[in-house]
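Here's the letter readout for the chains.
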There are 2 protein chains.
Amino acid sequence: MIQSQSVGIVTPQRVLFDEPLVLKSGSVLPSYELTFETYGELNADRSNAVLVCHALSGSHHVAGHYADDPGNIGWWDNLVGPGKPLDTREFFVIGVNNLGGCFGSTGPASINPATGRHWGAEFPFITVEDWVTTQARLADHLGIERFAAVVGGSLGGMQAISWALQYPDRVANVAAIASAPKLTAQNIAFNEVARQAILTDPDFHGGNYYQHGMVPVRGLRLARMIGHITYLSDDSLAEKFGRALRHGKHIYSYDIEFEIESYLRYQGDKFSRQFDANTYLLTTKALDYFDPAFEHGGNLPAAFARCKADFLVVSFSTDWRFAPERSREIVYALLHNRRNVSYAEIPSGAGHDAFLLDDAHYHAVLRSYFGRMKR
Amino acid sequence: MIQSQSVGIVTPQRVLFDEPLVLKSGSVLPSYELTFETYGELNADRSNAVLVCHALSGSHHVAGHYADDPGNIGWWDNLVGPGKPLDTREFFVIGVNNLGGCFGSTGPASINPATGRHWGAEFPFITVEDWVTTQARLADHLGIERFAAVVGGSLGGMQAISWALQYPDRVANVAAIASAPKLTAQNIAFNEVARQAILTDPDFHGGNYYQHGMVPVRGLRLARMIGHITYLSDDSLAEKFGRALRHGKHIYSYDIEFEIESYLRYQGDKFSRQFDANTYLLTTKALDYFDPAFEHGGNLPAAFARCKADFLVVSFSTDWRFAPERSREIVYALLHNRRNVSYAEIPSGAGHDAFLLDDAHYHAVLRSYFGRMKR
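Read on for an overview of the structure. (Residues numbered from 1 in each chain as written. Chains lettered and ligands numbered in written order. Predicted model: local features only at pLDDT ≥ 70, side-chain atom pairs only at ≥ 80, totals over all residues. Heavy atoms only, no water.)

Brief notes about the interface of chain A and chain B
As a reminder, the rule being used: When checking whether two residues touch, look at their non-hydrogen atoms; a contact exists if any pair is within 4.5 Å. Two parts placed together each lose some accessible area; with a 1.4 Å probe, that loss summed over both constitutes the buried area. A pair is scored as a salt bridge if a Lys or Arg side-chain nitrogen falls within 4 Å of a carboxyl oxygen belonging to Asp or Glu. Each polar contact in these results corresponds to two N or O atoms within 3.5 Å; when the atoms are within protein, one needs to be able to donate a hydrogen and the other to accept it, and residues that are neighboring in sequence are counted only if both atoms are side-chain atoms. Put simply, DSSP marks the helices as runs of H or I at least four residues long and the strands as runs of E at least two long, and each gets a number from the N terminus on. Three classes are used, and their members are as follows: Ala, Val, Leu, Ile, Met, Phe, Trp, Tyr, Cys and Pro are nonpolar, Asp, Glu, Lys and Arg are charged, and the others, Gly among them, are polar.
The partner chain B presents 54 residues to the 54 residues of chain A that form the contact. A buried area of about 5000 Å², summed over both sides, lies between chain A and chain B, and 67% of it is on carbon and sulfur atoms. Here chain A is connected to chain B by eight salt bridges. Put simply, chain A and chain B have 22 residue pairs in polar contact (both at pLDDT 80 or more) between them. Of all the secondary-structure elements, those providing two or more residues to the side of chain A that touches chain B are helix H3 (185-199), helix H4 (217-231), helix H5 (234-240), helix H6 (259-274) and helix H7 (277-289) of chain A. Among the elements that make up the side of chain A that touches chain B, the one with the highest residue count is H3(A) (11 residues). Grouping the constituent residues of the side of chain A that touches chain B by class yields 28 nonpolar, 11 polar and 15 charged.

Points about the packing of aromatic side chains
Spelled out, the test is: Two aromatic rings from Phe, Tyr or Trp, using only the six-membered ring of Trp, form a pair when their centres are within 6.5 Å; if the ring planes differ by under 30 degrees the pair is stacked, by over 60 it is edge-to-face, and anything between is tilted. Only protein chains enter the accessibility calculation, which uses a 1.4 Å probe. A residue is then buried if its area is under 20% of the maximum for its type, exposed if over 50%, and partly exposed in between. Over a ring means this: the NZ of a Lys or the CZ of an Arg is within 6 Å of the ring centre and within 35 degrees of the ring normal.
Going through the model one piece at a time under the given rule, you end up with 42 aromatic pairs over all chains. Between Phe147(B) and Trp163(B), the aromatic rings sit 5.3 Å apart at their centres with planes inclined by 90°, giving edge-to-face as the arrangement. With Phe147(B) in the loop between helix H1 (128-141) and strand S11 (149-153) and Trp163(B) in helix H2 (residues 155-166), the pair connects residues that are 16 residues apart, well separated along the chain. The same class applies to Phe147(B) and to Trp163(B), which are both buried. A connected cluster of aromatic rings, assembled from ring pairs, spans Phe103(A), Phe271(A), Phe275(A) and Tyr280(A). If you follow Arg224(A) out to its NZ or CZ, it ends over the ring of Phe271(A), 4.2 Å from the centre.

With respect to the sheet that holds strand S5 (residues 49-53) of chain A
Residues and elements named next belong to chain A. To keep things clear, this is the line we draw: A pair of strands counts as paired when DSSP detects no fewer than two bridges linking them. Axis lines are fitted to C-alpha atoms, over the contacting stretch for helices. Their N-to-C directions set the angle, which ranges from 0 to 180 degrees.
If you trace the eight strands from one edge of the open sheet to the other, you get S1-S4-S8-S5-S11-S12-S13-S14, paired in mixed fashion. Since the sheet does not close on itself, it has two edges, and those belong to strand S1 (13-17) and strand S14 (341-346), each with one partner. The sheet shows a mean angle of 20° between the axes of neighbouring strands, taken without regard to direction. Sheet analysis places S5 next to strand S8 (residues 92-96), joined by four bridges and oriented parallel. Of the residues in S8, the one forming a bridge with Val50 is Val93. On top of the sheet, helix H9 (residues 324-336) reaches strand S13 (310-316) and S14; it is set at about 160° to S13, its chief contact.

Let's talk about the sheet that holds strand S13 (residues 310-316) of chain B
Residue and element names in this part refer to chain B. Here we have eight strands laid out as an open sheet, ordered S1-S4-S8-S5-S11-S12-S13-S14, and mixed in their pairing. The outermost strands of the open sheet, each flanked by one partner alone, are strand S1 (13-17) and strand S14 (341-346). The sheet shows a mean angle of 20° between the axes of neighbouring strands, taken without regard to direction. Of the pairings in the sheet, the one linking strand S5 (residues 49-53) to S11 comprises four bridges and is parallel in character. Note on S11: the bridge partner recorded for Val50 is Ala149. Across the sheet, H2 lies against S5, S11, strand S12 (173-177) and S13, angled at about 150° from S11, the strand it touches most. Contacts between helix H9 (residues 324-336) and the sheet are confined to S13 and S14, with S13 contributing the most and set at about 160° to the helix.

Distances and angles like these do not, on their own, reveal function.
Structural data, given as C-alpha cells:
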C-alpha cells in the first residue's frame, strides 16, 4: 500500500503580467496579476509540469495548508501530494486562481488602476478561453513550454479541454473530469436564477457594491444554495438528510424544520462571507459561453480536429449537473479524430461533487492514468 | 371520434364557513370563505360528483372561461368538459381554491376580522389534511356525501390521496397524478431556496408587506424561476430552448443572451404579478409536511390500511420532481393492502408539467378510468 502524505505548508505566489490582454469579448485588460501555488519540483527538462484548473468556487490553493492557517487545506488535497494519485514526488503541480477570481488574482474586487476604484461592474467578461490564455502566460513565466497534463473537474475540465484546442502542442494529456463540452439549457437556467438572485439584490448596486461598503449577501447566499442542490444527487441528499427533522416534529415555522434546510442555509451563509458576487456572476457566464463546437456549426468533432493530447475523461453515474452523457460526447468527438482517449464512468452516489471526493475506484483510475501517461 | 367541447362560461361561487376550524398545527381559524366552481350537473342520487384538487399555482378555475375575461381559461380545461376525459355530461365537477390561497378563498392577503388588517404573517400554517377537511365541509355544503372521484396532479394528487385516508367512506376513487407520498430531501431543498428568496426579500417585511403597500416581487420571481426549472425535464428544456441565442452571438452582458433566460424571466415576472408571496410560502410548507407514513413510523402500507377507494396512479417518465418511483411507492402501499389500483407510467418528454398537457396516451388512460370506475 502506498503511504501518501500532504504536501505540507505551502505559500501562494503572485505574478504581475504587465502587458495588455485582449479578451475573447474584445475588451482589453491593460495588466493583471495571477496568484498561484506550486507543489513538487520542476525537473531538469521541464517535462513534469501539471496544471490543475479550478471550478466555480475553487482557487489556486489545491493542496497542502498555510503556516498561519493550518485548517485551510487545499480543495484537491486528497488527489495531490507525495504518494497521492497526482504524485508530487514525480510531478510539478500548479494551481492558479483564475483571472476575475476573488482569491488573489485580479478580479472585480481589485482596484482598477485607471480609476483608482474597484473594478466592480467595469470588470470585463472572461471566458474559458481567456483563462487558458492567461494560464499559458503563467506557464511562459515559469519556463514551461509543454504541460505533462492539464487537469480539471467541472468548469476546470472545460479549461483542460480548451487547453488541448487552443495550445495543441503545449499539453501532452488532458484529464477532463465531471465536465461537459457545453452547458445544457437546464444548466444555463440554474445559472440564470443564481445570477438573477445576485443582480436583483438591492445591495448589489449594479455591481459597484464595494463603494457602498456592502455585499449582496442575500443574492450570493441564494445562488450558492441553488448550486449546492445541483452538486449533489437526489440519492445523496436522501441518504445524508432524508426528511430528518431538527425538532423531531413539525414546528409550523419558517425556522429550520428539516435538516436539509439547515445544511443549505449554512452553506449559503458561509459562501456569502467568502466569495465575491461579481466573480460568481462572471464565472457562471464563462460556464454558459463555453461551447467549442459553436464556431464549427455545432460540430464537436470538427472542433476537436486540432487537438493532439491524449485524454482521460471521467464521469460519475449520479452526476446530473454534468451527466455522463456529456462526457461521452467528448469521448465521441475524440474518437472521431482518432485520438487516444480513456473513459471511466465511476459508479457513485455523490452526484457532481464526486469529483472532489476520495473514492477508491475514481482515484485508482487517476493514479493509473497519471502513472502511465505519455510525456 | 368524440367531439369534445368547452364547458363555456363559468362563474365562481363563494361560501362562508362560519364555524371554527381546528388545523393540524393546533391553530384555529374562526371562520373562512372558499371560492369554487362547478361544471356539469349533480345527478339525483348525488353520486356523480368529482373533486379536482389544485397544485401550487392552481385555483378553483379548472375549466371554461369567464364572460368578462374570455382569455382566462381554466388550468385543466383540456381534461374537463363535455366529451373530454372527465366528461361533464356525466360528472358534476368541482374546483375549489384552497384555504390560504390567493384566488378568492381566505388566505394571508384576506382581512383578519379580529384585527381589521391583512392576515399576513399571522395566517396559520395549512396542511394537506386541512385542505381536505375544508373540502369535506364544502362537500357537506353541496350535499355530497361521497365523491365518485377525487382527482389531482402534483400537490393536488397529495390531496386526493389524503381524501382516501381521512374520509375512506366518502370517496369511491382517487386519481393521483404525478404525485408522491412525501417529498424527497431534494424537493424540500428546492422549496427551501424558494422560501429563502421570499423571506429575505427586503420588501417582504416579515410577511406584512400589504401594510407597506409592497410586494416581494424579487423573491417571488426567483421562487417561480426555480420552480419552472423543476417542472420541466432536461430534455424538454433542451428541445424548447437548447442554447438558442437571442442575438445569434454572445453579447457579454447580463441582459438576455440565451432564450432560456428570457423564458425564465418572463415566467417569473408574470407570476410575481399574480400570486401572493405568503400563499407561496404556506403552500411549499404544506408540500414539505405531507407524509402520511410519518405517524406510522414511516410505514406507508400501514398508513394506507384505512383506505377503501380504488386508485388510479399516473406518473410521467421524465418527471424528476415527482419521479415515477414515488408513484410506485403509492402503488406498492395500495397493493400491500389489496386495494384496486391501476398504474400507468406515461412516456413523456415534458417532465412534471406533463400532467397539465393534452397527451393522447395520458388522456386515454384517464378517459378509460373515469368511464369505468366504480361509483
